[in-house]
Amino acid sequence: MTADKKNSKVEAVVSQRTLNSSESTSLGAGSKSSMWFYPGEELADGEMRVTLMGTGWGNVVGPSQKGPSIFVELGNARKDAFVFDVGPGCILNYNAMGIPMSRMNHIFISHLHMDHCSDLPFIYAFGPNLGDRFKKLNIYGPSGPTVYKEDESEGTQLGIKNMIEGMQQFTQWHTTSFASMTYGADESYNLEGNVTELDYRACGGTAYETGGEDEEDHVIIKHFPAVHIIDGAISYRLEWTPKGHDKPIVLVYSGDTLPNDFMLEYGAGADLLVHETAPSIDAVMNGANATEEEAYAIVSNSHTPANSLGSIIQKTKPGLAVTTHSPMDPRSMESLIMGVHEGFQESAVSAGVAGTTPLNYQVGADLMVFNLSKPTKDDPLEVTTRMSSLIDRPWPVREKVNLSEDIMDDSEVDYYKSAEAYDATTNESKGPVFADEDTNTTAS
Ligand SMILES: [Zn+2]
Ligand SMILES: [Zn+2]
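What this report covers is the structure whose coordinates are included nearby.

The rules behind each value
- Residues numbered from 1 in each chain as written.
- Chains lettered and ligands numbered in written order.
- Predicted model: local features only at pLDDT ≥ 70, side-chain atom pairs only at ≥ 80, totals over all residues.
- Pairing = 2+ DSSP bridges.
- Helix = DSSP H or I, 4+ residues; strand = E, 2+ residues; numbered from the N terminus.
- Axes fitted to C-alpha atoms, helices over the stretch in contact; angles between N-to-C directions.
- Parallel < 35°, antiparallel > 145°, perpendicular 65-115°, else oblique.
- Left-handed = near helix turned anticlockwise from the far one by under 90°.
- Contact = placed C-beta atoms within 7 Å.
- Buried ≥ 20, exposed ≤ 12 C-beta atoms within 10 Å, placed from the backbone.
- Right-handed = clockwise from strand over helix to strand, strands pointing away.
- Core = buried A, V, L, I, M, F, W, Y, C linked by C-beta atoms within 7 Å.

This part takes up the sheet that holds strand β1 (residues 36–37). A sheet is described by the order of its strands in space; here 9 strands give the open sequence β1-β18-β17-β2-β3-β4-β5-β6-β9, paired in mixed fashion. Edge positions in the sheet fall to β1 and β9 (195–198), since each has one partner strand and no second. As paired strands, strand β3 (residues 69–74) and strand β4 (residues 81–84) are joined by 4 bridges and run antiparallel to one another. Residue pairing in the sheet places E73 in a bridge with A81 of β4.

So, in structure tokens, the structure goes:
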């Protein structure tokens, strides 16, 4: 490519929406007049709101990029809310956005790499006491391959159920110590029956569904295989048909994956496609101080290069495609955006459809908010992109709950009204307290 040609391409790219574009943008007319999203904004009937609560990857996380997480809210009577992945530090963004743990009650994990689920023990452990989740948490995630001991006597299936059993062990001191001041603890720490293991090989399997297909306000979350290092990674597709509409609003989330045919089939026609995108080999080498071989291993073995994403967008034709799981490094931004544009163009040329469809693409950032709305069933879907302002609150986010009426049992109410409870707030030193003589070694 000549230098001139390359420059004109760069200009074309720069004129597209890029990182941190806070203006109201949409596929149709902008449905939101404000440039910024302020937490607490009401969701209109029939409107879907998708917030990127974390767009980092691996251990590439920091104050401005938490581990991957997507929060989805539906403007319906049930006030449905869904969480996809809970990577490291994403809970800070949920707090800053004023999302209480009671709204994070359906968590869908794409695969069991820690950059996608490491905040889960924290959410599980704090939900029922300083949080406001007084009921069982619902966790959904993939099954996995079975690994055997060396003598092949015993196998462990590396799926979500195995991981959650481990998580309950991991948090046992915490949950035991909080049991006496955790309202509804018996129920809220009990996950029996609430962990749904999804067959990672299933194509278009159902992870969650509410309402029948012919009923209004139908929500279905499907899953399909992702291709990511070893077996046991999946992608998700959420379809919601708002009341009075005859077509669903569709969100697709890739999780981590190499480019694959499952995405072309089951991810097609999304209104919003949130897809992982690998940085270039050069960016990984420079940014992570990696050798070329190491960079190839990271990008080519397990992730989707930018030009492949361009091709996926051309083939699946989402309303808007958004990159996640990529470092927000200004030095690598150009190659990322250029790569997507080039892949899209090349794919369109080889399909003989160049110039027929525009590329609607956005680099996702933490706290980027998308509103998807369709006022009536005949209106075109509008997608609005905004950045959110932040609330740095000094207290946990909780919805107002009447603890004594709704959550505590009578004996708890009696205790917390009693002089004994008030005495306990004086904080007088009582010396070490041990449960029994066997452990009370200092006193013997
Ligand atoms: Zn990842
Ligand atoms: Zn991964």
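The description of two packed helices rests on the angle between their axes and on the distance between the axes. At their nearest, the axes of helix α11 (residues 306–316) and helix α12 (residues 330–350) sit 6 Å apart, and the two run at 45° to each other. By the angle class used here, α11 and α12 are oblique. In terms of crossing hand, the pair formed by α11 and α12 is right-handed. Counted together, A306, N307, S308, L309, G310, S311, I313, Q314 and K315 of α11 and S335, L336, G339, V340, H341, E342, G343, F344, S347 and A348 of α12 form the full contact between these two elements.

Further remarks concern α11. Summarising burial for α11: 9 of the 11 residues are buried, a large majority. Summarising the contacts, the buried residues of α11 are in contact with α8 (261–266), β14 (272–276), β15 (320–324), α12 and β16 (361–363). A positive backbone phi angle near 50° is found at K317, which sits one or two residues after α11.

Attention shifts here to the sheet that holds β15. The strand order across the open sheet built from 7 strands is β10-β11-β12-β13-β14-β15-β16, with neighbouring strands paired in mixed fashion. Two strands bound the open sheet, and with one partner strand each, they are β10 (205–210) and β16. In this sheet, adjacent strand axes meet at a mean angle of 15° when their direction is disregarded. Pairing geometry for strand β13 (residues 249–253) and β14, over 3 bridges, is parallel.

Here we come to the pairing of β4. The two faces of a sheet get side chains in turn, since along a regular strand they alternate between them. Connecting β3 to the next strand, β4, in antiparallel fashion are 6 residues, including K79 with a positive phi near 50°. Sheet topology places β4 next to strand β5 (residues 106–108); 2 bridges connect them, and they run parallel. Paired with F84 across the two strands is F108, which belongs to β5. Read as a crossover between parallel neighbours, the route from β4 over helix α2 (residues 90–96) to β5 is right-handed.

In terms of nonpolar packing, the biggest core is built from 79 residues, with I70, I107, F108, L251 and L272 touching the most fellow members. Leaving out residues up to four positions away in the same chain, L272 has contacts with V50, L251, P318, G319, L320, V322, F370, L372 and V383.

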